[in-house]
Amino acid sequence: MTPSVPSQEATALLDGLRAFIEPAHVRVDPESCLNYGRDWTRLYVPNPLAVVLPGTVEQVQQLVRYANDHRLALVPSGGRTGLSGAAVACRGEIVVSLDRLNRILDFDPTDRSVTCQAGVVTETLQNFARDHDLYYPVDFAARGSSQIGGNIATNAGGIKVIRYGLTRDWVTGLKVVTGRGDLLDLNRGLIKNASGYDLRHLFIGSEGTLGIIVEATLQLTQPLREPSVMVLGVPDLDGIMALYGAFRGRLELSAFEFFSELALRHVLKKGLHRPFETATPYYVLIEFENPEQAQTDEALALFEQCAEQGWLADGVISQSEAQAKELWRLREDISESISEHQPYKNDVSVRISRVPALLAEMDELLAREYPDFEVLWYGHIGDGNLHINILKPANLEPATFARQCGAVSEHLFEILRRHGGSISAEHGVGLTKKPYLHYTRDETEIGYLRAIKQAFDPNGIMNPGKIFDGSTRVPTSPSKTS
Ligand code: 2HG
Ligand code: ZN
């Protein structure tokens, strides 16, 4: 990225910002614009007008009001670990980073709840809960950099949804600055509150299009009781859900993940070891509470019975916390291990009962449409959520690759539509899935989404062009960068 020369209009707007946000926190240097102007998708050229880091909620409010007065587009920004381009600023927007709003404000052991600012990193919150003998159960590989505000804005899922649900299930209070610049204090940590529409839930999963989340109250829970991890080698697709049915009936599962041999090979290349000698086309990773010998016995009995049925060919069970962590890495490290191949990503879901049919139809479709590409499957299969990653061949031009993959996605989304599924299970719509939203939400429903956006953000300044297109003017662009 080369430095851009702001237009006169842009310079005046930036000076105006510096009147209420410390100049050091209004950044226009190319490095900040590059880093803060993108998420993990890497498909778009970042090109924000500036990156602003407010240090108080009042400053966020002033910023939103200023943006309304001058019709400036704002892109709220957390840890930028998203995979759908929702935090990308490539059209001269102002990135609003929540990095400085990173304090834990309150903890109440009676309520078992914690109130924190939006910029608190997920792992910091998890560690805080652990220090108080409690547990924040929303968990995923990007825990070390993702932020609570971003998690809420995408209703993050992850690896423990099967037992604990989504981010939405843990948010009992939210403070938000709406696109109008109003500060709303939503639900205030209440467990029960039947006093009309619950606006908190509109902001959860809103991808920064309605306003900016500045503070959250989150419920904590009991830690898991001595979890063990099993990795099982599965000879065919049918075995995956057969194992799910067998294990979930008899053990308290906290995760049921799967990945293919092709996916596994990428983490092995990065230095991890095979869980056992037998290579099988698929693997499942099962985590379950194992506080007593009875659970271990049950798990081993299940292993034997499933092996007899031919649903698994080999397996391993963790003998220590360290070993459990190592086994988890086989699944969690996949995404990062393939990033150098610029994968085209799909993140789809169906009801659990439809998973076997979806897997069979997808298998047929992907083998037919992508004979020359490497297609990797993994995901949270116990939630009906599959990640499909198509690796870009080194010699293929990125735009051509994206076009070819996009065309196949249309077929995939047709299958999903037939099964009542979703084109985005947990990564959000952002920019990458915007063209396909209609496969999951019909026109009438999208009309209601637009009306909600209009109510909270009448001038269309909040993350314009994400989820769906609106009539938003992107006001002041600096000169183009390369
Ligand atoms: C995961 O489950 C993440 O590992 C990333 O959601 C998924 O890389 C992906 O497609
Ligand atoms: Zn995932």
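Residues numbered from 1 in each chain as written. Chains lettered and ligands numbered in written order. Predicted model: local features only at pLDDT ≥ 70, side-chain atom pairs only at ≥ 80, totals over all residues. Heavy atoms only, no water.

Caption draft 1: Structural context of the environment of Gln305. Relative to the assigned elements, Gln305 resides in helix α10 (residues 293–309). A residue is classified by how much of its surface remains accessible, and Gln305, at 36% relative accessible area, is partly exposed. Counting along the chain gives 99 residues from Gln305 to Ser206, while the straight-line C-alpha distance between them is 45 Å. Reaching out from Gln305, the side chain makes a polar contact with the side chain of Arg250 at a distance of 3.0 Å. (Helix = DSSP H or I, 4+ residues; strand = E, 2+ residues; numbered from the N terminus. Buried < 20%, exposed > 50% of the residue type's maximum accessible area, 1.4 Å probe, protein only. Polar contact = N/O pair within 3.5 Å; in protein donor to acceptor, adjacent residues only side chain to side chain.)

Caption draft 2: Seen up close, the sheet that holds strand β12 (residues 282–289). Here seven strands make up an open sheet; going across it, the order is β13-β10-β12-β11-β15-β16-β14 and the pairing antiparallel. Taken across any chain shown, the strands that pair with only one partner, and hence form the sheet edges, are β13 (314–317) and β14 (344–349). Looking at each pair of strands side by side, their axes are set apart by 15 degrees on average, direction ignored. Two elements, strand β15 (residues 374–380) and strand β16 (residues 385–391), share seven bridges in a ladder whose sense is antiparallel. For Val375, the partnering residue across the bridge sits in β16 and is Ile390. (Pairing = 2+ DSSP bridges. Axes fitted to C-alpha atoms, helices over the stretch in contact; angles between N-to-C directions.)

Caption draft 3: Spatial organisation of the nonpolar core. In terms of nonpolar packing, the biggest core is built from 59 residues, with Leu17, Tyr136, Ile148, Ile152, Leu174 and Leu218 touching the most fellow members. Those residues in contact with Leu17, other than ones at most four positions away along the chain, are Val26, Val52, Leu63, Tyr66 and Ile94. Among the nonpolar cores identified, the runner-up in size contains 52 residues, and Tyr282, Met362, Val375 and Ile388 belong to it. (Core = buried A, V, L, I, M, F, W, Y, C linked by side-chain atoms within 4.5 Å. Contact = heavy atoms within 4.5 Å.)

Caption draft 4: Fine view of the pattern of salt bridges. Applying the stated criterion to the full structure yields 25 salt bridges. Across the pair Arg329 and Glu326 runs a salt bridge, and its minimum N-O distance is 4.0 Å. Linking Arg329 with Glu326, this pair stays in helix α11 (residues 321–332), spanning three residues, or about one helical turn. Linked by salt bridges that have partners in common, Arg163, Arg225, Glu252 and Glu289 make up one network. (Salt bridge = Lys/Arg side-chain N within 4 Å of Asp/Glu carboxyl O.)

Caption draft 5: Inspection of the sheet that holds strand β5 (residues 104–108) at higher detail. The sheet built from five strands is open, its strands ordered β5-β6-β9-β7-β8 with antiparallel pairing. Both outer strands of the open sheet, β5 and β8 (183–186), are each paired with one neighbouring strand and no more. Each strand of the sheet is rotated relative to its neighbour by a mean of 15 degrees, with strand direction disregarded. Bridging between strand β7 (residues 171–178) and strand β9 (residues 211–219) involves seven bridges; their strand directions are antiparallel. From the neighbouring strand, Val177 faces β9, where its bridge partner is Ile212.

Caption draft 6: Molecular detail of the coordination of the zinc ion (ligand 2). The zinc ion (ligand 2) binds to the protein through His380 (NE2), His387 (NE2) and Glu426 (OE); the donor distances cover 1.9 to 2.1 Å. Motif for the zinc ion (ligand 2), donor spacing along one chain: H-x6-H-x38-E. (Donors = N, O, S within 2.8 Å, 3.2 Å for Na, K, Ca; no water.)

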